[in-house]
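Chain residues, written in single-letter form:
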Amino acid sequence: MDKLIVHGGATLRGTINISGSKNASLPILAASLLTPEPCIIRHVPDVSDTNYMIQILSAMGADVERSSGTVRITCETISDQAPYELVRRMRASICVMGPLLARKGRAVVSLPGGCVIGDRPVDLHLRGLEALGAKVEFEGGNITLTAKDGLRGAEINLCGTHGPTVLGTDNVMMAATLADGMTIIESAAAEPEVLDLANFLNAMGANIQGAGTQRIVIEGVKELHGIEHTVIPDRIEAGTFMVAAAIAGEGVTLCRVCRDHLKAITDAIEQSGHYVQFNASGDVCTVRRNGHARGVDLVTAPYPGFPTDMQAQMTALLATTPDVSIIKDTIFPQRFMHCAELKRMGADIKVDHGTAVVRGIPQLSAAPVMASDLRASAALVLAALTAKGSTEIIRLYHIDRGYEHIDEKLLMLGANVERVKER
Ligand code: EPU
């Protein structure tokens, strides 16, 4: 296992490329199960979550080749079962369920276990697939879905108590592409990753309209075919480096971003006083730190609101921003594990019922800290950039799940970081 040592105090400057989106790549890789023909997917980030997805697809019979960000997948003959040993490692493997059911009429997938950022049930996924005609059974920790006579279109509302579901929308949308008739998903997730998946499916021959809004209409087709697709930029990786620049930057430029996907993150960083500038085409942005920053109040919300996946990183920024900031996570109210670790670095944060009250202090101090999930670990790395001393972040595998070469990118910007083996 690796750990990261961050020697605080270096100023970040320079230019890096943002990778393809992890959260768009995962369902798009799974969608290749919908056709026996080869799919070529470009800009798939080399992170452990995409590696798990590729291992799951390979174990199910897919033929996969991967080289420098391009994945070629052919799912000619596939099994209807996703193997537990691989599925249990990544909650997002649940998104093989919809395409498998549509292609094979049966899908056996392990029920995802607990997760450090919250309970994360899959009731909405199942409600949607049941509405399409699937029979749902639970046995031995597995969910078995069967649709002997095929799936048929239906009207489905996917709103849960915490709002829409991203992977649930993906699952139902993928299943509905091959269903008989029309499916209407109300209260669909409108995240750019859902739209990227819909674009991938439409290029395969699906008939999907309204993706990227809360109402998606899918007219089922008989079959889908192989295509080539380039995954959208990772807005959360971009946001994480934007925050790094706001914490410790003197002009950090990020290439291969998408301005439209970054509006809420840009607003939050600008409201805290820092400078964000995009080029005319919106695919390059430069962030500069303002020494006279101010606190902000943030509430996470489904897209286009402020993303829960940026909540921890903004908390790290606000920990050393003057004033009191209030951060509420309405999507995952238990997603505050990073706060306990930031407090070990001296941060003044109180968490109560899904809300963190952050009183900014002038400087954090280094401490040994532990990564608990992907975005929490990113927050610790960001906090360590300007902390006094050298911070050791253990359990780095959490960050490797979703950030491609994060230590190399930070080094390119001038940060003083070392990846070393945990003893
Ligand atoms: N929910 C239910 N029932 C369901 C599904 C979800 O109640 O059947 C609840 C969840 O518990 C949560 C809310 O609905 O309170 C939203 O969860 P959602 O289903 O949208 O989450 P997800 O699709 O499992 C994706 C991302 C997460 C991101 C969330 C929210 C991927 C692979 N994962 O998860 O990303 O936090 O949407 O935007 O796309 C990350 O990248 O670090 C990450 C956790």
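Heads up: the structure comes first, above all this text.
Quick caveat: nothing in here was measured; it's all calculated off a predicted structure.

K.L.:
Explain the site of the ligand here, please?
P.N.:
Residues in close proximity to the ligand total 24 residues, the closest being Asp123, Thr165, Asp309, Ile331 and Arg375. At 3.2 Å, a backbone N or O of proline 121 approaches an oxygen atom of the ligand. Contact distances for the ligand include 2.7 Å between an oxygen atom and a side-chain N or O atom of arginine 375. Every element with two or more residues in the shell around the ligand is listed here: helix 1 (22-31), helix 5 (123-131), helix 6 (166-177) and helix 12 (374-384). The class makeup of the residues in the shell around the ligand is twelve nonpolar, five polar and seven charged.

K.L.:
Even after reading the chapter, I still don't get the sheet that holds strand 13 (residues 228-230), so can you show me in this structure?
P.N.:
Where strands meet in a sheet, backbone hydrogen bonds hold them as pairs that are either parallel or antiparallel. The mixed open sheet is built from four strands, whose spatial order is 4-5-3-13. Unpaired on one side and paired on the other, strand 4 (63-67) and strand 13 mark the two borders of the sheet. Pairs of neighbouring strands in the sheet enclose a mean axial angle of 15°, with direction left out of account. Where strand 4 lies against strand 5 (residues 70-74), five bridges are found, and the strand directions are antiparallel. Opposite arginine 66, over in strand 5, you have valine 71 as the bridge partner. Lying on the sheet, helix 7 (residues 192-203) is in contact with strand 3 (39-42) and strand 13; it crosses strand 13 at an angle near 160°.

K.L.:
Explain the layout of surface pockets to me, please; I cannot follow it from the model alone.
P.N.:
The method is simple in principle: a probe with the dimensions of a water molecule rolls over the atoms, and the space it marks as empty is what remains. Of the volumes computed, that of the second largest pocket is approximately 250 Å³. Lining the second largest pocket are 15 residues, with Asn17, Ser19, Arg256, Glu404 and Lys409 sitting closest to its centre. Top element by residues in the lining of the second largest pocket is helix 14 (residues 406-412). It accounts for three residues. For the lining of the second largest pocket, the two domains that each supply at least three residues are domain 1 (2-18 + 233-421) and domain 2 (22-230).

K.L.:
Help me understand the environment of aspartate 49, please; the structure alone is not making it clear to me.
P.N.:
Considering the arrangement of structural elements, one finds aspartate 49 in helix 2 (residues 48-59). Taking the C-alpha atoms as reference points, aspartate 49 and alanine 280, separated by 231 residues in sequence, lie 33 Å from one another. In terms of polar contacts, aspartate 49 uses its side chain to reach the side chain of arginine 401, at 2.9 Å.

Thresholds applied
Residues numbered from 1 in each chain as written. Predicted model: local features only at pLDDT ≥ 70, side-chain atom pairs only at ≥ 80, totals over all residues. Heavy atoms only, no water. Near = heavy atom within 4 Å. Polar contact = N/O pair within 3.5 Å; in protein donor to acceptor, adjacent residues only side chain to side chain. Helix = DSSP H or I, 4+ residues; strand = E, 2+ residues; numbered from the N terminus. Nonpolar A, V, L, I, M, F, W, Y, C, P; charged D, E, K, R; others polar. Pairing = 2+ DSSP bridges. Axes fitted to C-alpha atoms, helices over the stretch in contact; angles between N-to-C directions. Contact = heavy atoms within 4.5 Å. 1 Å grid on protein atoms, 1.4 Å probe; cavity = no way out; pocket = protein on both sides within 12 Å on 5 of 7 lines; lining within 4 Å. Points joined across faces, edges and corners; volume = space filled by probe spheres on them. Domains from an automatic or database assignment.

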